[in-house]
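Tertiary structure, described
In case you want the letters, here they are:
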Amino acid sequence: MTIDPLSDILKNVRLRSRVFCQSTMRAPWGFRVEGRSPASFNLVLGGSLLLEVKNVPAPLSLGPGDLAIIPGGNAYSVRDGPGSPTPTLEELLAVSPVDAEGRLTHGGAGPVTTLLCGAFFFDDESGRALLDALPPVLLVRAHDADPADPHTAWLRSTLALLDHEVHATSPGRKLLLDRLLDILFVQAVRAHFQAPTNAPPGWLDALRDPQIGAAVALLHREFARPWTVTSIAARVGLSRTVFTERFGVLVGESPARYLTRCRVARAMTLLRGAELSLAQIAEQVGYTSEAAFSKTFKRSVGVGPGAFRRAGESGA
C-alpha cells in the first residue's frame, strides 16, 4: 500500500476554515491582530496591502489573489502603506462593525483594497505539529500559478471560485467559502511541502523521508495499535536501530514519545467533545487500562483527564 504522509496528517488534523469578514478598506487604513487563533489568513481580492508579521524581518507586499497564512497565532498587522495607523482589530471593529452579511467597510477616501479575513482551526490537537512546522508566514502568490504547470494551476482555479462566491448572493455562500478555503489551505501546505528548501531539518522533512514519513503517517492514522519500535520499523522496512536513529534526527523525539503525543492529542479532542467515559477514551486511544491512560495523560498535560474535561465544561 502506498502511503501519502501529508494527506494522512491533514486528514487527521480535522481542519475547519472560517471566514470572519469580507473587508472593503479605503486608504489610509490598517489594523493589527495580536495572534488570537491557530492560523489567521488574509486573501487579497483587489488592491494591495503591506503585511508585517512578528519574526519576519521585512514587510511583505501583497496584491490581487495573494494569500497570506499566519500560523501559530503569530501577531501581525496589515495596512495600505507605510505610516498608516494600525489600531487593534477590536478597536477598528468598535468604530466600523461588521454587518449582518459579514462585510466590513472602513478607512478614508483613497484607493480601495478588498480582502477576505478569517482563520483555520483544528479539531484535533495534533494539528499543532503541522502549524509548528510551517514558517511564520506562508505566502501563496497568484502570479506563481502557471496555467501550464499542473502543480500550480490549482491556485488560479481555486481563487476564481472564491472570487465568484465572494460576490454571490445565493444560499449556502458562506459554507461554500469555508470549504473552498479548506481546499486552499491544503493546497498551500502541499505547495510548501513540495518546494525545495534550505531550512534546517524539521517535521516536514520527516514527512519527505520515505520511511520516516510513512512511520509518522502510520502513527497518526493507527495510534491505537499496540505499536513497538520494532513493529513500526518493520512496517516501513528498516532495522530497529536505523529507524530509531533516523526518526530521532528528523522528528526531534523518539518514536515512543511521538506516539504518546498522538494518543494524548486525540484524547484531548475526545474529552472536549464526545460523551465517552474515561475507560472508553482510554481504549480508543490505545491504552489497556484507564489507570495507564490517566497516568500518561497527566504526565503529558499536567492534569488528569477528568480535570481536563471539567475545565473544558466550565470554560476554563
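Values in this document were obtained by computation on a predicted structure and should not be read as measured data. Chains are numbered independently. Their residues run from 1 in the order of the written sequence. Reporting of local features is limited, given that this is a predicted model, to residues whose pLDDT is at least 70; pairs of side-chain atoms are given and counted only at 80 or more, and all residues count toward the totals for whole chains, interfaces and linings. The basis for every side-chain value is the complete set of non-hydrogen atoms in the structure, without hydrogens or water.

Put simply, DSSP H or I for four residues or longer makes a helix, DSSP E for two residues or longer makes a strand, and each gets a number counted from the N terminus. With respect to the element layout, His 167 can be found in the loop between α4 (153-166) and α5 (173-194). The spatial distance from the C-alpha of His 167 to the C-alpha of Gln 22 is 10.0 Å, given a sequence separation of 145 residues.

Counting through the fold element by element, Leu 139 comes out in strand β10 (residues 138-140). In sequence terms Leu 139 and Leu 60 are 79 residues apart; their C-alpha atoms lie 9.2 Å from each other. Sequence-distant contacts of Leu 139, that is, excluding residues within four places in its chain, are made with Leu 60, Leu 62, Leu 67 and Ala 68. What makes two residues a contact is simply this: any of their non-hydrogen atoms within 4.5 Å.

As a further point, take the sheet that holds strand β7 (residues 76-79). The rule for pairing is simple: two strands pair if DSSP sees at least two bridges between them. On the basis of which strands lie adjacent, the open sheet formed by four strands has the order β2-β7-β4-β5 and antiparallel pairing. In this open sheet, the two strands that pair with only one neighbour each are β2 (30-33) and β5 (60-62). Between one strand and the next, the sheet's axes are offset by a mean angle of 20 degrees, whatever the strand orientation. Where strand β4 (residues 49-53) meets β7, four bridges bridge the pair, whose relative direction is antiparallel. Paired with Leu 51 across the strands is Val 78, a residue of β7. Here an axis means a line fitted to C-alpha atoms, over the contact stretch when the element is a helix, while the angle between two N-to-C directions is reported on a 0 to 180 degree scale.

The six strands are arranged β8-β1-β9-β3-β6-β10 in an open sheet whose pairing can be described as mixed. On the outer flanks of this sheet lie β8 (103-107) and β10, each paired with one strand and no other. The mean inter-strand angle of the sheet, taken between neighbouring strand axes irrespective of direction, is 20 degrees. In this sheet, strand β9 (residues 112-122) lies alongside strand β3 (residues 39-46) in antiparallel orientation, the contact comprising seven bridges. Within the sheet, the bridge partner assigned to Leu 43 lies in β9 and is Leu 116. Packed onto the sheet, α5 meets β1 (15-26), β3, β6 (67-71), β8, β9 and β10 and runs at close to 105 degrees relative to β1.

Okay, the state of the cysteines next. Sulfur atoms of two cysteines make up a disulfide when they are within 2.5 Å. As enumerated under the stated definition, the model contains zero disulfides in all. The thiol of Cys 21 is unpaired, and the distance to the nearest cysteine sulfur, on Cys 117, comes to 4.5 Å. Burial classes follow relative accessibility: with a 1.4 Å probe on protein chains only, a residue under 20% of its type's maximum area counts as buried, one over 50% as exposed, and anything between as partly exposed. Judged by relative accessible area, Cys 21 falls into the buried class, the value being 9%.

Quick look at unusual backbone geometry now. The step from Ala 27 to Pro 28 runs through a cis peptide bond, and the omega angle for that step is 0 degrees. When you line up the elements, Pro 28 lands in the loop between β1 and β2.

This part is about the pattern of salt bridges. Every case where a carboxyl oxygen of Asp or Glu lies within 4 Å of a side-chain nitrogen of Lys or Arg is listed as a salt bridge. Per the stated rule, a full pass over the model turns up nine salt bridges. In this structure, Arg 79 and Glu 52 form a salt bridge, with 2.9 Å as the shortest nitrogen-oxygen distance. Taken together, the positions of Arg 79 in strand β7 and Glu 52 in strand β4 put the pair 27 residues apart, joining distant regions of the chain. Taking relative accessible area as the criterion, Arg 79 reaches 17% and is therefore assigned buried. One salt bridge in this structure joins Arg 179 and Asp 182, with 2.8 Å as the shortest N-O distance. Remark: Asp 182 and Arg 179 occur in helix α5; sequence separation between them is three residues, near one turn of the helix. Arg 179 sits in the partly exposed class, given a relative accessible area of 35%. On the accessibility criterion, Asp 182 (14% relative accessible area) is buried. Taken together, the salt bridges that share partners define one network made up of Arg 221, Glu 222 and Arg 225.

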